[in-house]
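Examining the three-dimensional arrangement
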Amino acid sequence: MAETLIAPTAATNPANAAASLIEIENLSLYYGATKALKNISVKLEEKLVTAFIGPSGCGKSTLLRCLNRMNDLIDNVRIEGLMKIGGHDIYAADVDVIELRKRVGMVFQKSNPFPKSIYENVAYGLRLHGVKNKSDLDARIEQSLQQSALWDEVKDRLHSSALGLSGGQQQRLCIARAIAIKPEIILMDEPASALDPIATTRVEDLILDLKKEFTIVIVTHNMQQAARISDQTAFFYLGELIEFGATGKIFTNPAQKRTEDYVSGRFG
Amino acid sequence: MENHFETGIANLRQKLLVMASHTEKSVNDAVQSLTQRNHDLALRVKADDDVIDQCEVEIDDLAIQLLTKAPLATNLRLVTVAMKISQDLERIGDEATKIAKRARDLSQEPPVKIQLDLPRMASCALDMLKAALDAFVHHDAAAARAVIPRDKEVDALNKDIHAALVQHMVENPDAISRCLHWMVAAKSLERIADHATNIAEDVVYLCEAQDIRHTGFKNQGGVA
Amino acid sequence: MNTLTPSEYLPEKTSDTTRLTRHFRAEKFDFWSFFFSGLTGLATLFILGILATILLNIIVNGWSAISWHFVSTIPKKDFFDANTTGVLPMIVGTSFRVIVMTIFVIPVGVITAIYLTEYAANTSIITRIIRAAVNNLAGVPSIVFGLFGLGFFINFIGKNMDALLHNPTAVWGQPALIWASLTLAVMTLPVVIVATEESLKAIPPGLREASLALGATKLETILKIVLPQALPGIMTGGILAVSRAAGEVAPILFTGVAYYMASLPAHLSDQFMDLGYHIFVLSTQSPNIEQTRPILYATVLVLLMLTFALNIVAILIRARVRKKLRALG
C-alpha cells in the first residue's frame, strides 16, 4: 500500500532513484480564462521544510493545493504541465485521488477540527483507511497525539469535544489528525496565522520536530516564520515563481530585485 | 517538543564561549612568550589567531540567521551583544598576535636590563577579560560593572611602563628598538583591557537592557 | 516596580483632546430617531396584541369545555351534542397524518437538498429548473394540492395499485390516510428542502475540506461529517413542516378526511377524521350554533395544543441532538 506512489520509479527506473520527492515542471493553472500560475518549475526535496511566500494572490496557496489536488473541488480549474510526487504524475488519468490525499496530508489556515471528540477527530482518517481494530486505533491515536505534542494536554479528556480546546491546541489536533494516517508530505496553508504568539511558537517547534519524518510544504505570510522554520523558500509574485533557494540566502541576500524588495517590506 | 529557537540561541552562546576560551588562551600564551622569551609559543599564538578569526565569522553568520527569525527582548539583546563581543574578542586576538610578534623579535635579541611592571599589567588585563567573560556566562550584571573601573588601573600601569621605557631609552640609546617593542606590547595589553571593558558594558546591556557606555554612571546600580 | 500612570508614559494632553471631548456632548433632541423607535415598538405591540387576543379568546372559551371525557371519547354520529361528544378520532387522525407525512417528507426533502447543494453544479440549467420548481411549489394554494392529490395519488396511483393487486373493491383507489399524508408531504417539501439547504450551506467549508484532505470520498464526507452537523437544521425544517401541515384542511379535503367514522383509523388505506376539518364541520354544519359553540372552542384549543405538543417534542429532540453534537460526536 505505502509503496504505490513511491516504489515504481525507485525500483524500476534506477536513473530516477535520486530524483526529488516533488517535481513540478512548467506547471500552469487557469481559473477559467485567468492564468493564476505561470509556468512554475521547482523541485522539492524529501524531509525538508519548504516555505512558499509572496503577497496575497500570488498563487502560493493555489500551488500548495495542486499538490493534493484540492483544486479539483473548484469548477473551471485547468492545469497544464507536470506535477510529480515520487516520480509519479499526480494528474495522470490512473491516479486515485483518495490514495494521493492519504499520501499528501493537509493542515488549513483556520483550525477545523470536526465537531466530534478529540479521539474521534484522529480516528476519522484512520477509520477511512481501514483501521478498525480498537487497540490499533488507540495506539495510532496516542502516537500521533504524542507526535503533535498534544498527548499530555488531552490524554485525560480524549472523549470530550475537540471544540473545547484552545485555538493552538485545535491546530495541533488538526496536525495530529493529518499525521495519523502517515502521509509522506504535509501541506500547511498558513497554519499559525490565526494563533497567538505562544501558540504560534509551539506550532513552529512542532513543524521542526515533524521534519525528521515528513516532508513539509508551508504557505506563510509571515517571513520571520518562514525564516524560523524552513530550509528552502520559494518567493511567488503574480503567479510566477520569482526565486527559490536556501532560506538563509533568500532572507539575507536574495538574488532577485523583486525578492529583495518584498522581503525588505518595500511592497506587498 | 523541542524549542528550536532556544536551541539556536544556545548554539550561539556555545560558539561565543568557545571563541572566548580560544582568545583567553591566546592572550595568556602571548604574555608568557613575552615574559619567558619563548619563541615557539609566540609562533603558536599567530596560528591560533586564525581559529579566532574563523570563530568570529561563524558567530556573525549564525547571529544574522537568528536575526532573520525576529528574536525579541533578551534574545534580541543576546544576538546583537554576541556580534559585538565576538568583534571585541577578535580584536583581543589581534592584540595578542601583536604581543606575540614583539615577543618573537625580542626573543632573538638580548634582554633589556630594566625592571618593568609588565607581568602585573598583563595579569590585570587578563583578569578583566576573564571577569567580563564570566559575567557573560553567569548573566551577572554586578560582576560586569565591577570590571569597568579596573581599566583605569591598567591605564595607569601602562603610563608608568611608558615613562620607565622612555627613561631607559634616553639612558641606553642602543636599547631603543627593543624598548619600542616593549612599549608596543604594553600598549596592546592596554587595548586588551579596553576591549574587556567593552565586553563588560555589553554584558550589562544584555542583563539590564541599559546602555552604560559614555554615561559616567558606570558604577551606579541599574533601575530594575 | 511602581505602576505607571498614563501621564507618565504618554505625552501631555494637547488642546486637541479637549476639543474631542467637547464633540461627544449630547446632541439636541433627535425627532426622527424618536419617531421611528416609537413606530417599530408600536408595530410589535400591535402584533403581540392580536396574538394575545386570539389565544385568550380560545383558552377562556375552550378550557371549560375540555374534559378527559371530551378528548378520550369516540363520538356518536351526532357529534354536535356538547355532553356526549368527543374528539379522540380527530386527535388520532391528525397525529397520524402528520407523522406519516414526516416519514415521507424528511428523506425526500433531505436527499433533494443534498443533491442541490452538494452535487448539482450551481449554474446548470437542471439545477435552476429544480430550484424554480421548489420555489413555485411553495407558492401553490393548498386546495390545488388537494386536487393534485386526488388526481395523482388516488385516481392514478391508487387505482392502478388496485388493478395490479386485483382488489375486488377499491382499497387504494379511494381517499385514505396515506394519500392525505403524501399530499401534505408534497406541499411541505419546499419547507424541508429550503431548511436543509440552508443548514447544509451553513456548515463551514473547512470541515468538508478537512475530510476530503484526509482522503474521504464525497459520500463519506456527506454521511459522516456534513449530515450529522446539519441534523438540527433538518429538524427545524421538519418542525416547520409539521406546524404548517397540522392545521391544513384543504389538501386533505379530497384525499382522506372523513366527515364521520365510527372507529379509529387502523390502516394506511383507512379514511380518518381530522381536527381542522372537524372545526370546519362544527362551524358550518351545526343545527344549533349556541349549543355547538363550546365544543367548537374546545376543538380549536385541542388542535392548538396538539400542534404545540408536536412542536415541543420535535424541539426537545433537536435540543438533545444539538447538545450531543456540541459535547461529543
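Contacts between the two partners involve 10 residues from chain B and, on the opposite side, 13 residues from chain A. On the surface where chain B and chain A come into contact, there are zero salt bridges. On inspection of chain B and its partner chain A, the count reaches three residue pairs in polar contact (both at pLDDT 80 or more). Secondary structure elements with two or more residues in the side of chain B that touches chain A: helix 1 (4–35) and helix 2 (39–68) of chain B. Of all the elements, helix 2 of chain B adds the most residues to the side of chain B that touches chain A, at three residues. Of the residues contributing to the side of chain B that touches chain A, the split by class is four nonpolar, four polar and two charged.

We now examine the sheet that holds strand 9 (residues 232–237) of chain A. Residue and element names in this part refer to chain A. Across the sheet, six strands lie side by side as 6-7-8-3-9-10; this open sheet has mixed pairing. Looking along the sheet, the strands with just one partner apiece sit at the ends: strand 6 (104–107) and strand 10 (240–246). The average undirected angle you get between the axes of adjacent strands in this sheet is 20°. Sheet topology places strand 9 next to strand 10; six bridges connect them, and they run antiparallel. In the sheet register, phenylalanine 236 faces strand 10, and the bridge partner there is leucine 241. Where helix 7 (residues 167–180) meets the sheet, it contacts strand 6 and strand 7 (185–189), and its direction lies at approximately 170° from that of strand 6.

Enumeration according to the criterion identifies one cavity of 30 Å³ or more in this entry. Contributing to the lining of the largest cavity are A:Met106, A:Val107, A:Phe108, A:Asn112, A:Cys174, A:Arg177, A:Ala178, C:Ala210, C:Ala213 and C:Leu214. Contributing elements (two or more residues each) for the lining of the largest cavity: strand 6 and helix 7 of chain A together with helix 9 (205–213) of chain C. Broken down by element, the lining of the largest cavity gets its largest block of residues, three residues, from helix 7 of chain A. Of the residues assigned to the lining of the largest cavity, the class counts are eight nonpolar, one polar and one charged.

The next subject is the packing of aromatic side chains. Residue and element names in this part refer to chain C. Evaluated as defined, the whole model comprises 18 aromatic pairs over all chains. Through successive ring pairs, a cluster of aromatic residues spans Phe148, Phe152, Phe153, Phe156, Trp172 and Trp179. The aromatic ring of tyrosine 119 is capped on one face by lysine 218, whose charged end is 5.0 Å from the ring centroid.

Moving on: the interface of chain C and chain A. In this assembly, 21 residues from chain C lie in contact with 25 residues from chain A. Roughly 1,900 Å² of surface becomes buried between chain C and chain A when both sides are summed, with 65% attributable to carbon and sulfur atoms. A salt bridge links A:Arg65 to C:Glu209; the shortest N-O distance between them is 2.9 Å. The set of elements that each furnish at least two residues to the side of chain C that touches chain A consists of helix 9, helix 10 (218–246) and helix 13 (289–327) of chain C. Among the elements that take part in the side of chain C that touches chain A, helix 9 of chain C stands out by supplying seven residues, more than any other.

Residue and element names in this part refer to chain A. Of all five residues making up strand 3 (residues 49–53), five are buried, and the element is well covered by its neighbours. On strand 3, burial covers both faces: Val49, Ala51 and Ile53 on one face and Thr50 and Phe52 on the other are all buried. The pairing of strand 3 with strand 8 (residues 215–219) spans four bridges and is classified as parallel. Looking at strand 8, one finds that phenylalanine 52 is bridged to valine 219. With four bridges connecting them, strand 3 and strand 9 associate as parallel partners. Bridging across to strand 9, threonine 50 finds its partner in glutamine 232.

The subject of this paragraph is the confidence of the model for chain A. Residue and element names in this part refer to chain A. Here chain A shows a mean pLDDT of 90. Residues at 70 or above account for 93%. Ranking the helices and strands of chain A by mean pLDDT puts strand 8 first, with 97, and helix 1 (residues 7–12) last, with 38. Confidence over residues 1–17 falls short of pLDDT 50; this stretch has 22 contacts with residues more than four positions distant or in other chains.

As a further point, take helix 6 (residues 150–171) of chain B. Residues and elements named next belong to chain B. End to end, helix 6 covers 32 Å across 22 residues, agreeing with the expected 32 Å (1.5 Å per residue, within 8%). When we look at burial in helix 6, the residues that qualify are Asp151, Val154, Leu157, Asn158, Ile161, Leu165, His168 and Met169. Projected down its long axis, helix 6 carries its buried residues within an arc of 120°, all on one side. Relative to its buried face, helix 6 has exposed residues pointing more than 90 degrees away, namely Lys152, Lys159, Asp160, Val170 and Glu171. Where helix 6 is buried, its residues meet helix 4 (118–137), helix 5 (141–147) and helix 7 (176–208).

Bringing unusual backbone geometry into the picture now. A positive phi is found at A:Asn39, a non-glycine position, where the angle reads about 45°. Mapped onto the fold, A:Asn39 is located in strand 2 (residues 34–44). Residue B:Arg37 is not a glycine yet carries a positive backbone phi of 50°. Positionally, B:Arg37 belongs in the loop between helix 1 and helix 2.

Right, let's get into the arrangement of the chains. Among the two pairs of chains that make contact, the interface with the largest number of contacts is formed by chains A and C. For chain B and chain C, which are not in contact, the least C-alpha distance works out to 8 Å.

Conventions and cut-offs
- Residues numbered from 1 in each chain as written.
- Chains lettered and ligands numbered in written order.
- Predicted model: local features only at pLDDT ≥ 70, side-chain atom pairs only at ≥ 80, totals over all residues.
- Heavy atoms only, no water.
- Contact = heavy atoms within 4.5 Å.
- Salt bridge = Lys/Arg side-chain N within 4 Å of Asp/Glu carboxyl O.
- Polar contact = N/O pair within 3.5 Å; in protein donor to acceptor, adjacent residues only side chain to side chain.
- Helix = DSSP H or I, 4+ residues; strand = E, 2+ residues; numbered from the N terminus.
- Nonpolar A, V, L, I, M, F, W, Y, C, P; charged D, E, K, R; others polar.
- Pairing = 2+ DSSP bridges.
- Axes fitted to C-alpha atoms, helices over the stretch in contact; angles between N-to-C directions.
- 1 Å grid on protein atoms, 1.4 Å probe; cavity = no way out; pocket = protein on both sides within 12 Å on 5 of 7 lines; lining within 4 Å.
- Points joined across faces, edges and corners; volume = space filled by probe spheres on them.
- Phe/Tyr/Trp six-rings, centres within 6.5 Å; stacked < 30°, edge-to-face > 60°.
- Lys NZ or Arg CZ within 6 Å of the ring centre and 35° of its normal.
- Buried area = accessible area lost by both parts, 1.4 Å probe.
- Buried < 20%, exposed > 50% of the residue type's maximum accessible area, 1.4 Å probe, protein only.
- pLDDT = per-residue confidence, 0-100.
- Expected span 1.5 Å × (residues − 1).
- Arc of directions from axis to C-beta.

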